[in-house]
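Examining the three-dimensional arrangement
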Amino acid sequence: MPAKLSVIFYKPLPFTGNYQHWALYLSTPNAKDSLLIHVINAHPTFEASFTNQTPKGFSATYLKEIFLSEVQVRDIPHLRQIAEAANVDNETVDWTCRSEEHTSELQSHHDL
């Protein structure tokens, strides 16, 4: 049974303006192997976060989930390597996880 890759959206927090926080969620047949991937903190201390929490369990600000694709279980380690290798920009003051460069970098790995 394949895993399911989704984008999770959270309601904006008061200090973040109108930006909805988003994360990638890999829901696997074995729940302990599921993975929530997102950027946490604020400039200049952004960092990637990898957790096994469910999207609703992670935050009470959960808004919605949009299914993206199925991922073969054998490809999960490769997907995690791609996510861990993605650059988190703490140099650019107005960088966010919604930046064009970051989105392009993830899109370049569409061959999973």
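The written sequence of each chain sets the order in which its residues are numbered from 1. Owing to the predicted nature of the model, reporting of local features is limited to residues with pLDDT of at least 70; listing and counting of side-chain atom pairs is limited to 80 or more, with chain, interface and lining totals taken over all residues. Only hydrogens and water are set aside; all other atoms, that is, all heavy atoms of the structure, feed into the side-chain values.

1. Focus on the nonpolar core
Side-chain atoms within 4.5 Å link the members of a nonpolar core, which is a set of buried Ala, Val, Leu, Ile, Met, Phe, Trp, Tyr and Cys residues. The buried label goes to any residue with under 20% of its type's maximum accessible area, the exposed label to any with over 50%, and the partly exposed label to all in between, with areas taken from a 1.4 Å probe on protein chains only. If you look at the biggest cluster of nonpolar residues, it comprises 13 residues, and the most contacted ones within it are Leu5, Leu24, Leu26 and Val71. For this core, the secondary-structure elements that each account for two or more residues are β1 (3-10), β2 (21-27), β3 (35-40) and α2 (76-85). Numbering of helices and strands runs from the N terminus; a helix is a DSSP stretch of H or I covering at least four residues, while a strand is a stretch of E covering at least two. The greatest single-element share of this core, amounting to 4 residues, is contributed by β1. Excluding residues that lie within four positions of it along the chain, leucine 26 makes contacts with Ala3, Lys4, Leu5, Ser34, Leu35, Val71, Ile76 and Leu79. In terms of nonpolar packing, the next biggest core, distinct from the first, is built from 5 residues, Tyr10, Ala23, Tyr25 and Leu36 among them. Contacts between residues were defined by any pair of non-hydrogen atoms, one from each residue, lying within 4.5 Å.

2. Considerations on the sheet that holds β3
Paired through backbone hydrogen bonds, the strands of a sheet run either parallel or antiparallel to each other. On the basis of which strands lie adjacent, the open sheet formed by 5 strands has the order β4-β3-β2-β1-β5 and antiparallel pairing. Bordering the open sheet on either side are β4 (47-51) and β5 (62-71), each of which pairs with just one other strand. Neighbour-to-neighbour, the strand axes of the sheet open up by a mean angle of 20 degrees, direction not taken into account. The pairing of β1 with β2 spans 7 bridges and is classified as antiparallel. For two strands to pair, DSSP has to find at least two bridges joining them. Axis lines are fitted to C-alpha atoms, over the contacting stretch for helices. Their N-to-C directions set the angle, which ranges from 0 to 180 degrees.

3. Regarding the packing of aromatic side chains
Pairing of aromatic rings covers Phe, Tyr and the six-membered ring of Trp, with a centre-to-centre limit of 6.5 Å; geometry is then stacked below 30 degrees between planes, edge-to-face above 60, and tilted otherwise. One pass over the full model with this rule turns up 1 aromatic pair. Look at tyrosine 10 and tyrosine 62: their rings are 6.3 Å apart centre to centre, the planes differ by 80 degrees, and that puts the pair in the edge-to-face class. Note that tyrosine 10 is positioned in strand β1 and tyrosine 62 in strand β5, a separation of 52 residues in sequence. A residue is classified by how much of its surface remains accessible, and tyrosine 10, at 1% relative accessible area, is buried. We note lysine 64 situated over the ring of phenylalanine 9; from NZ or CZ to the ring centre the distance is 5.4 Å. Only Lys NZ and Arg CZ are tested; either one counts as a charge over a ring when it is within 6 Å of the ring centre and within 35 degrees of the ring normal.

4. Some details on the pairing of β2
Along β2, 5 of the 7 residues are buried, which leaves the element largely enclosed by surrounding structure. For β2 and β3, the ladder comprises 3 bridges, and the chain directions are antiparallel. In the sheet register, leucine 26 faces β3, and the bridge partner there is leucine 35.

5. What about the confidence of the model for the protein chain?
The pLDDT value tells you how sure the predictor is about a given residue, anywhere from 0 up to 100. Residues at a pLDDT of 70 or more form 78% of the protein chain, whose mean pLDDT is 79. Ranking the elements of the protein chain by mean pLDDT puts helix α3 (residues 100-107) last with 45 and β5 first with 93. Per-residue pLDDT stays below 50 along residues 99-112; that stretch engages in 14 contacts with residues further than four places along the chain or on separate chains.

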